[in-house]
Amino acid sequence: MRGEAAQIAALDSWRGIFALAVALLHAPVPFLGSETAFVQSFYLAVDFFLVLSGFVIAMNYESRLSGPREVTRFAWRRFWRLYPLHITTLAVLGLMVLVMQRAGANGSGHQADATLGDFLRMAALLHAFGTTAIDIFNWPSWSISAEIWSYLVFASVVLVTGSHDRLRVALYGALGCLGLAIVFSSPADPGRDTFLSVTGLGIGRGLFGFFAGVLAWRLFEVTRRARLWRSAGLMSLVEIGLVTLLLAGLALIDNTTPAVFGIVALFPAMVIVFAHQGGIISRALQSPALVKLGALSYGIYLWHLIAAKGVGWVLYRPLSAGMEASGQSAFVQALAAHGLLAAYLGGSVIAAALSYRLIERPLREWSRRTSPADLANGVAGRDLPATK
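It should be emphasised that the depicted structure is a prediction, and the values quoted were computed from it without experimental measurement.

Trainee: How do you make sense of the pattern of salt bridges when you look at a structure like this?
Mentor: Two side chains of opposite charge can pair, provided their charged atoms sit close to one another. Counted under the stated rule, the structure contains eight salt bridges. Of the charged contacts, one joins Arg-205 and Asp-47 as a salt bridge, the two residues approaching to 2.6 Å between their closest N and O atoms. Taken as a pair, Arg-205 in helix α8 (residues 202-223) and Asp-47 in helix α3 (residues 45-61) lie far apart in primary sequence, 158 residues in all. Overall, Arg-205 belongs to the buried group, its relative accessible area being 3%. For the salt bridge of Arg-218 with Glu-62, the shortest nitrogen-to-oxygen distance reads 2.9 Å. Of this pair, Arg-218 sits in helix α8 while Glu-62 sits in the loop between α3 and α4 (68-102), placing them 156 residues apart in sequence.

What follows is the structure in structure tokens.
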């Protein structure tokens, strides 16, 4: 497959912002606003990731998956893009959980009950099918499992339908509806006040979000020359309106009801609008700092729970107990908690930057230079990924 994958700076920046939102949701310390409906709704950021993934994958690959060879190449690249960091972070958290279990600590969630079988099922990316308990190991990676399986379904549909475009679009819609049906038939996660299952049959959310993004790409293509997109002023109003609806919805939505789809429905619209990068918010999102944050978003998403467990288990719990025992004021305790929050978020970003440099980027570039056939023939071994 030729060429580099197309990127849209504004969408990359949104990915980074939503990755930090997920990290805030899972913060190991209480902070100002942490119990509000607004922050508790940040789990919906994962649905944005899935919609954006479908949009970007369709944009870059739909017209290029013309045969089995191209599909194999696509699967090869996507595997090396996602799997190395997944297995790395899973191994790190697996080691942390093992130490915790040997020490007799309770940890959080179901970490104390985690087994080797759970680890292996997550390593095999099967946990989007409800094969593991809630809060086991690096459980946010359920969406990576759902995403990879959605990739394979997408590639199969493109390959099988060939030049029959209407059939292809119909199958996209059917798969999105199948995902939605799975979502509605799945029970809520025990102990969570959310309508959408977080780690149960995540494949439903994956299929629904991913193929909503694929269809959003098709709509983008059909409407890309519309007059609306040519007016910077009008685009600015549309962007401001969408962001206002998003913020208001996150603050007001009842997460225990299907009303959450009011937020999810905004994501395809946001992706289409911000893909044009025509308004004032898009210009702000193209700042180098935010674009860099977007490049680190995958790492932030996979490292943040490890940082949360480290800060929570090692620092916050003993510090909080010590301050309470010494009679420190609520203000001092809150100040300490916010300091640890900054350390946690900063640590997540630093870990993401290091893994981007040492794991993600080198292996992504290597997979572009190498094919499965090269690896089978022993060619790839002489062209190892560089880290500089």
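After that view of the structure, there is still more to cover.
Trainee: Would you mind going over unusual backbone geometry with me for this structure?
Mentor: Glycine aside, the phi torsion of most residues is negative, and most peptide linkages are trans. In the Ramachandran plot, Leu-125 falls in the positive-phi region, its phi being about 60° despite a non-glycine side chain. Its location among the elements puts Leu-125 in the loop between α5 (116-123) and α6 (142-161). The backbone of Phe-137 shows a phi angle near 50°, a positive value even though the residue is not glycine. Relative to the elements of secondary structure, Phe-137 occurs in the loop between α5 and α6.

Trainee: Would you mind showing me how to read the environment of Ser-141 here?
Mentor: Relative to the helices and strands, Ser-141 is located in the loop between α5 and α6. Its relative accessible area of 0% is what places Ser-141 among the buried residues. Those residues in contact with Ser-141, other than ones at most four positions away along the chain, are His-86, Met-122, His-127 and Leu-302.

Trainee: Which parts of the structure should I look at to understand the nonpolar core?
Mentor: Generally speaking, nonpolar side chains in soluble globular proteins are found buried as a group. Membership of the largest hydrophobic core comes to 117 residues, with the highest contact counts inside it found for Phe-55, Phe-154, Leu-196 and Phe-267. Every residue in contact with Phe-267, bar those within four places of it in the chain, is listed here: Phe-18, Leu-44, Asp-47, Phe-48, Val-51 and Leu-246.

Trainee: Please explain a nonpolar patch on the surface as it appears in this structure.
Mentor: Residues Leu-126, Phe-129, Trp-149, Leu-152 and Leu-201 make up a contiguous nonpolar surface patch of roughly 380 Å² in combined accessible area. Summarising the element assignment, Leu-201 is placed in the loop between α7 (165-185) and α8.

Trainee: I tried to follow the environment of Val-260 on my own but got confused; where do I start?
Mentor: With respect to the element layout, Val-260 can be found in the loop between α9 (232-252) and α10 (261-264). Given the relative accessible area of 0%, Val-260 is considered buried. A C-alpha to C-alpha distance of 8.3 Å links Val-260 and Leu-44, two positions 216 residues apart in sequence. Ignoring anything within four residues of it in the chain, the contact list for Val-260 reads Tyr-43, Leu-44, Phe-195, Leu-196, Ile-253, Asp-254 and Asn-255.

Rules and cut-offs
- Residues numbered from 1 in each chain as written.
- Predicted model: local features only at pLDDT ≥ 70, side-chain atom pairs only at ≥ 80, totals over all residues.
- Heavy atoms only, no water.
- Salt bridge = Lys/Arg side-chain N within 4 Å of Asp/Glu carboxyl O.
- Helix = DSSP H or I, 4+ residues; strand = E, 2+ residues; numbered from the N terminus.
- Buried < 20%, exposed > 50% of the residue type's maximum accessible area, 1.4 Å probe, protein only.
- Contact = heavy atoms within 4.5 Å.
- Core = buried A, V, L, I, M, F, W, Y, C linked by side-chain atoms within 4.5 Å.
- Patch = residues over 30% accessible without salt bridge, like charges linked within 9 Å, V, L, I, M, F, W, Y side chains within 5 Å.
- Areas by Shrake-Rupley, 256 points an atom, 1.4 Å probe, with all protein chains shown as cover.

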